[in-house]
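Here is how the chains run, residue by residue.
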Amino acid sequence: MTITAVYPGSFDPITNGHLDIIERAAARLDRLVVLCSRNPGKEPMLAHPERLALIEESTGHLANVEVASFDGLLVEWCNDQGIRLAVKGLRAVSDFESELQMAQMNAHLGGVETLFMTTRPVYSYLSSSLVKEVAHFGGDVSDFVPPAVARRLAGH
Ligand code: PNS
């Protein structure tokens, strides 16, 4: 049996915390699709194609990881692709409530199960929003994001 999962997120931008989950999940699955989806609650800083290109560049070393994008309901994309499993990262208890709601909604709407992975403690305070804020005010984000993202946020 081949096990494929989707790792959905808005990745605005992808961080080392995302990458850590991707690497650890991919090492335990046959195939992982990183799906750049729209979060209706957030206005993105980076346009969709740019987020996608940064994910592709940052995951290029992982042979069983693919990158895709979708603008709609996650469960519809999963059902079209025949994927029944989503992977999500949990940083802290504060993530749990909304992730639980999304997992239960996705299970109800489309029979998509969610597996949660805890982030490594070193990334527990990391978020795309904080990275954007630090970068906006000229701070160094190179410890927190893949090199391609650091270059983009530094304006190179
Ligand atoms: O990285 P984020 O912003 O926390 O990711 C949230 C995301 C994109 C995974 C979530 O908003 C999502 O699944 N969006 C697709 C639309 C959808 O299916 N919404 C219902 C989720 S229960």
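Structure: above.
Described in the following lines is the structure provided in the data block. (Residues numbered from 1 in each chain as written. Predicted model: local features only at pLDDT ≥ 70, side-chain atom pairs only at ≥ 80, totals over all residues. Heavy atoms only, no water.)

1. Things to note about unusual backbone geometry
In plain terms, the rule: Each helix is a run of H or I in the DSSP string that is no shorter than four residues. Each strand is a run of E no shorter than two, and both are numbered from the N terminus. Using a 1.4 Å probe on the protein chains alone, a residue whose accessible area is under 20% of its type maximum counts as buried, one over 50% counts as exposed, and one in between counts as partly exposed.
Omega for the bond connecting Asp 12 with Pro 13 falls within 30 degrees of zero, at 5 degrees, which places this linkage in the cis form. Within the secondary structure, Pro 13 sits in the loop between strand 1 (4-9) and helix 1 (16-26). Phi at Phe 11 is positive, roughly 45 degrees, even though this residue is not glycine. Here Phe 11 lies in the loop between strand 1 and helix 1. On the accessibility criterion, Phe 11 (2% relative accessible area) is buried.

2. Looking at the site of the ligand
Selection rule: Any residue with a heavy atom positioned within 4 Å of a molecule or strand is treated as near that molecule or strand. N or O atoms closer than or at 3.5 Å make up a polar contact, with two conditions inside protein: a donor-capable atom paired with an acceptor-capable one, and, for residues adjacent in sequence, both atoms drawn from side chains. Here the open area of atoms and residues is found with the Shrake-Rupley method and a 1.4 Å probe, where only the protein chains shown may cover a residue.
Residues in contact with the ligand amount to 14 residues; listed here are only the nearest, Ser 10, Asn 39, Lys 42, Gly 72 and Leu 74. Between the ligand and Ser 10 there is a distance of 2.5 Å, counted from an oxygen atom to a side-chain nitrogen or oxygen. One of the backbone nitrogen or oxygen atoms of Leu 74 is found 2.7 Å away from an oxygen atom of the ligand. Protein burial of the ligand: of its 540 Å² of free accessible surface, 82% is covered by the chains.

3. Brief notes about the packing of aromatic side chains
Defined as follows: Between rings of Phe, Tyr and Trp, where Trp is taken as its six-membered ring, a pair exists when centres lie within 6.5 Å; planes separated by under 30 degrees are stacked, by over 60 edge-to-face, and by other angles tilted.
The final tally for this structure, using the stated rule, is two aromatic pairs. Measuring from ring centre to ring centre gives 6.3 Å for Tyr 125 and Phe 144, while their planes differ by 85 degrees; the resulting arrangement is edge-to-face. On the criterion of sequence distance, the pair formed by Tyr 125 in the loop between strand 5 (113-118) and helix 5 (128-136) and Phe 144 in the loop between helix 5 and helix 6 (147-153) is long-range, its members being 19 residues apart. Assessed through its relative accessible area of 52%, Tyr 125 is described here as exposed. Taking the relative accessible area as the measure of exposure, Phe 144 reaches 21% and is therefore partly exposed.

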